[in-house]
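# Architecture at a glance
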Amino acid sequence: MRSVLPRVVAETGLMRRVSRHVSVSRRSIVALWAVCVAVLLSSCAPYPENTFAPESNNAADIKNLFLFIILLAAVVYVIVVGLLGYTLWRYRGKPGDPRPAAVHGNTRVEIIWTALPVLILVIISIPTLGLIFSSQAAAPPGSVQVDATGHTWWFEFTYPDLKITTAGELHVPTGRATSMTLTSADVQHGFWSPRLWGKRDMIPNHLSYIWFTPDKAGFVDDGECTQLCGPSHAKMGFQVVVDTPAAFDAWVKNQQQPAVTPATPEAQRGQQLFLQSGCTACHTITGTAAGGTIGPNLTHVASRRMIAADQLPNNAASMQRWIKNPASVKPGEGQFPNTMPPATISDADIASIVAYLQTLK
Ligand code: CUA
């Protein structure tokens, strides 16, 4: 056997294969480190969806709870790894040591390692459950009420007391709480603005609640859907604009107005086309015959910063692209019931409709 082995190794190239395997492993370890460092460094870049930069009471509470849990986990980690390291070093084997005796069961140790994690989870659950319940309790008096509804694939915002319906862009004031009632018109969606509130589901035939008080005005947060809801789940965003009380009042006043009457011939032609081309089945423009409620209310569409659920800047070129072929912006659009089909009219007609929509400030 002893004489056969080196020959087998030589003939099969086993050592070569082993050494190649070892060098590949070393390379993969280096690659793994490089990936880890890249991931760590990429988190240094300024990124809008940042739960560590809260701008409301609710987001700050969530950040503090997260830091508390991380701190607790770090303490547990240091104790466990410290004990493990100490045991490995203290009871390390020496050449010639006898085989250690096998140990079966130790009631006291088993009770301790069952009870301690239970205790830790109870400690974590107390502030967690407290925050979940307080964030969906009744908001402070004087709050702005918003009914937010998820649709495939956009968010609708209705202010029942202010008689405003809009989409894709939520305005909230500083100095007051905003109290939101959430539901879904179709499938389950998730509703999250990382710097303003924690994720909460929008569930069909069910109401969820969340309230928050923003800290500073002149601030816009990008929110998004957090529940897989179809092909354009990742393209289902919205913006939250935090206004000063005066700016919020001005926004409310504008949103409460009916749509402006088109002044130029092209916009007038666009309005006629809009009213005749089937757009009215889904969209409302207050002050016109368009009263559909399946798609976003377009009464003040030109006042919004973005269109197509936060996917395109609000300008004529974006609108043209969006109306002509919505699926090029949001996959699945037009292929599902209640999503926008591609326009079947000429580019020139779409351009007129866009010219009209761009007047709806
Ligand atoms: Cu809506 Cu994902």
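For the structure itself, consult the block above.
Below, the structure is looked at part by part. (Residues numbered from 1 in each chain as written. Predicted model: local features only at pLDDT ≥ 70, side-chain atom pairs only at ≥ 80, totals over all residues. Heavy atoms only, no water.)

Attention now moves to the nonpolar core. Counting residues in each nonpolar core, the largest one holds 28 residues, and the members touching the most others are Phe155, Phe157, Tyr159, Leu170, Met180, Phe191 and Trp197. Elements represented by at least two residues in this core include exactly β1 (144–151), β2 (154–159), β4 (169–173), β5 (178–184), β7 (197–202), β8 (208–212), β10 (237–243) and α5 (245–256). Core analysis: the next-biggest nonpolar cluster, separate from the first, contains 20 residues, Ala259, Leu273, Phe274 and Leu312 among them. (Core = buried A, V, L, I, M, F, W, Y, C linked by side-chain atoms within 4.5 Å. Buried < 20%, exposed > 50% of the residue type's maximum accessible area, 1.4 Å probe, protein only. Helix = DSSP H or I, 4+ residues; strand = E, 2+ residues; numbered from the N terminus.)

Take the packing of aromatic side chains next. In total, this model carries 14 aromatic pairs according to the counting rule given. Judged by centre distance (5.6 Å) and plane angle (70°), the ring pair of Phe52 and Phe66 falls under edge-to-face. Residue Phe52 is located in the loop between α2 (14–42) and α3 (57–90), and its partner Phe66 is located in helix α3; the two are separated by 14 residues in the primary sequence. Residue classification places Phe52 among the partly exposed residues on the basis of a relative accessible area of 47%. Relative accessible area serves as the criterion here: at 41%, Phe66 is assigned to the partly exposed category. Over the face of the ring belonging to Tyr91 we find Arg90, whose NZ or CZ atom lies 5.1 Å from the ring centre. (Phe/Tyr/Trp six-rings, centres within 6.5 Å; stacked < 30°, edge-to-face > 60°. Lys NZ or Arg CZ within 6 Å of the ring centre and 35° of its normal.)

Taking burial as the measure, the five residues of β4 include five buried ones, the bulk of the element. Of the two faces of β4, both are covered, the one formed by Glu169, His171 and Pro173 as well as the one formed by Leu170 and Val172. Inspection of the sheet shows β4 paired to β10 by five bridges, in the parallel sense. Considered in β10, the bridge of His171 is made with Val241. (Pairing = 2+ DSSP bridges.)

Inspection of the secondary structure assignment puts Arg304 in the loop between α6 (265–276) and β11 (306–307). Beyond its immediate sequence surroundings of up to four residues, Arg304 is in contact with Thr166, Ala167, Glu169, Pro296, Asn297, Leu298 and Asn314. (Contact = heavy atoms within 4.5 Å.)

Describing two packed helices takes the angle between their axes plus the distance from one axis to the other. For the pair α6 and helix α8 (residues 347–357), interaxial distance at closest approach is 7 Å and the crossing angle is 105°. Regarding the angle of α6 to α8, the classification is roughly perpendicular. Between α6 and α8, the contacting residues are Glu266, Ala267, Arg269, Gly270, Gln271, Leu273 and Phe274 on the first element and Ala348, Asp349, Ala351, Ser352, Ile353, Ala355, Tyr356 and Leu357 on the second. In terms of residue class, the contact of α6 with α8 is built from nine nonpolar, three polar and three charged. (Axes fitted to C-alpha atoms, helices over the stretch in contact; angles between N-to-C directions. Parallel < 35°, antiparallel > 145°, perpendicular 65-115°, else oblique. Nonpolar A, V, L, I, M, F, W, Y, C, P; charged D, E, K, R; others polar.)

A few words now on the layout of surface pockets. Space inside the largest pocket adds up to approximately 800 Å³. Looking at the largest pocket, it is lined by 40 residues, and the ones nearest its centre are His283, Pro296, Leu298, Trp322 and Met340. Of all the secondary structure elements, the ones that give two or more residues to the lining of the largest pocket are β11, α7 (316–324) and α8. Broken down by element, the residue count for the lining of the largest pocket peaks at three residues, all from α7. Its residues assigned to classes, the lining of the largest pocket comprises 24 nonpolar, ten polar and six charged. Its volume calculated, the second largest pocket comes out at about 410 Å³. Tallying contributions element by element places α3 first for the lining of the second largest pocket, with six residues. Split into classes, the residues belonging to the lining of the second largest pocket amount to eleven nonpolar, five polar and three charged. (1 Å grid on protein atoms, 1.4 Å probe; cavity = no way out; pocket = protein on both sides within 12 Å on 5 of 7 lines; lining within 4 Å. Points joined across faces, edges and corners; volume = space filled by probe spheres on them.)

Along the chain, Ala259 turns up in the loop between α5 and α6. In this structure, the C-alpha to C-alpha distance between Ala259 and Gly287, residues 28 residues apart in sequence, is 5.9 Å. When residues no more than four places from it in sequence are discounted, the contact partners of Ala259 are Ile285, Thr286, Thr299 and Leu360.

The next point concerns unusual backbone geometry. Generally, phi is negative for residues other than glycine and the peptide bonds are trans, each holding for most cases. Cis geometry marks the peptide bond from Thr152 to Trp153; its omega dihedral reads -5°. In this model, Lys163 sits at a positive phi of 60°, which is unusual for a non-glycine residue. For Lys163, the position within the fold is in the loop between β2 and β3 (164–167). Phi angles above zero are rare outside glycine, and Asn205 is one such case at about 60°.

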